[in-house]
Amino acid sequence: MSSSASSQPVVHPAGSARLLWTALATVAALTLLAYVVAFDQGAVSRSGMYLHELMHDGRHLLGVPCH
């Protein structure tokens, strides 16, 4: 008996590496956003009070204790 199925190469989808890097970049961006909104307390937003107040209101919206 000959098994032709085992002699054929395994074909991976062409976009699998791109999908992996896109997923990792998305997770990293969401993690950074969660840090800035929930735990930053103004360390990143030193450029002005507008960004600080926006993040402060975001913490209240998400139910994260901030003060």
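The rules behind these values
- In this convention, every chain numbers its residues from 1, walking through the sequence in written order.
- Confidence filtering applies because this is a predicted model: local features only for residues at pLDDT of at least 70, side-chain atom pairs given and counted only at 80 or more, and all residues used for totals across whole chains, interfaces and linings.
- No hydrogens and no water enter the side-chain calculation; it runs on all heavy atoms of the structure.
- Numbering of helices and strands runs from the N terminus; a helix is a DSSP stretch of H or I covering at least four residues, while a strand is a stretch of E covering at least two.
- A 1.4 Å probe rolled over the protein chains alone gives each residue an accessible area, and that area as a share of the maximum for its type sets the label: buried under 20%, exposed over 50%, partly exposed in between.
- Exposure was quantified through the Shrake-Rupley algorithm and a 1.4 Å probe, taking into account, for residues, occlusion by the shown protein chains and nothing else.
- Helix span, expected: 1.5 Å multiplied by one less than the number of residues in the helix.
- Every residue pair with non-hydrogen atoms within 4.5 Å of one another is taken to be in contact.
- Only residues whose relative accessible area exceeds 30% and that form no salt bridge enter a patch; like-charged residues are grouped when within 9 Å of one another, and nonpolar side chains (Val, Leu, Ile, Met, Phe, Trp, Tyr) when within 5 Å.
- What makes a salt bridge here is a side-chain nitrogen of Lys or Arg within 4 Å of a carboxyl oxygen of Asp or Glu, nothing more.
- Axes here mean lines fitted to C-alpha atoms, for a helix over just the part in contact, with angles spanning 0 to 180 degrees between N-to-C directions.
- Here the angle decides the label: under 35 degrees means roughly parallel, over 145 means roughly antiparallel, 65 to 115 means roughly perpendicular, and every other value means oblique.
- Ten residues, namely Ala, Val, Leu, Ile, Met, Phe, Trp, Tyr, Cys and Pro, are considered nonpolar, four, namely Asp, Glu, Lys and Arg, are considered charged, and the remaining ones, Gly among them, are considered polar.

Chemist: Account for the overall build of the chain, with residues named and values stated.
Modeler: For the chain, the count of helices and strands is two helices and zero strands. Looking at the chain as a whole, 18% of its 67 residues are labelled buried. Accessible surface computed for the chain: about 5800 Å², of which carbon and sulfur atoms make up 69%.

Chemist: Give me the lowdown on helix α1 (residues 16-38), citing residues and values where you can.
Modeler: Taking 1.5 Å of rise per residue, the 23 residues of α1 would be expected to cover 33 Å, and the 32 Å separating its terminal C-alpha atoms lies within 8% of that figure. Of all the residues in α1, the buried ones are Val36, Val37 and Ala38. Contacts made by the buried residues of α1 are with α2 (49-62).

Chemist: So what's going on with a nonpolar patch on the surface? Which residues, and what values?
Modeler: A contiguous nonpolar patch, built from Leu20, Trp21 and Leu24 and spanning about 360 Å² of accessible area, is present on the exposed surface. Position of Leu20 among the secondary structure elements: in helix α1.

Chemist: Give me the packing of α1 against α2: which residues, what numbers.
Modeler: Two elements in contact, α1 and α2, have axes whose closest approach is 8 Å; the angle formed by their N-to-C orientations is 100 degrees. Looking at the two axes, α1 sits roughly perpendicular to α2. For the pair α1 and α2, the contacting residues are Val36, Val37 and Ala38 in the first and Met55, Gly58, Arg59 and Leu62 in the second. In the contact of α1 with α2, the residues fall into five nonpolar, one polar and one charged.

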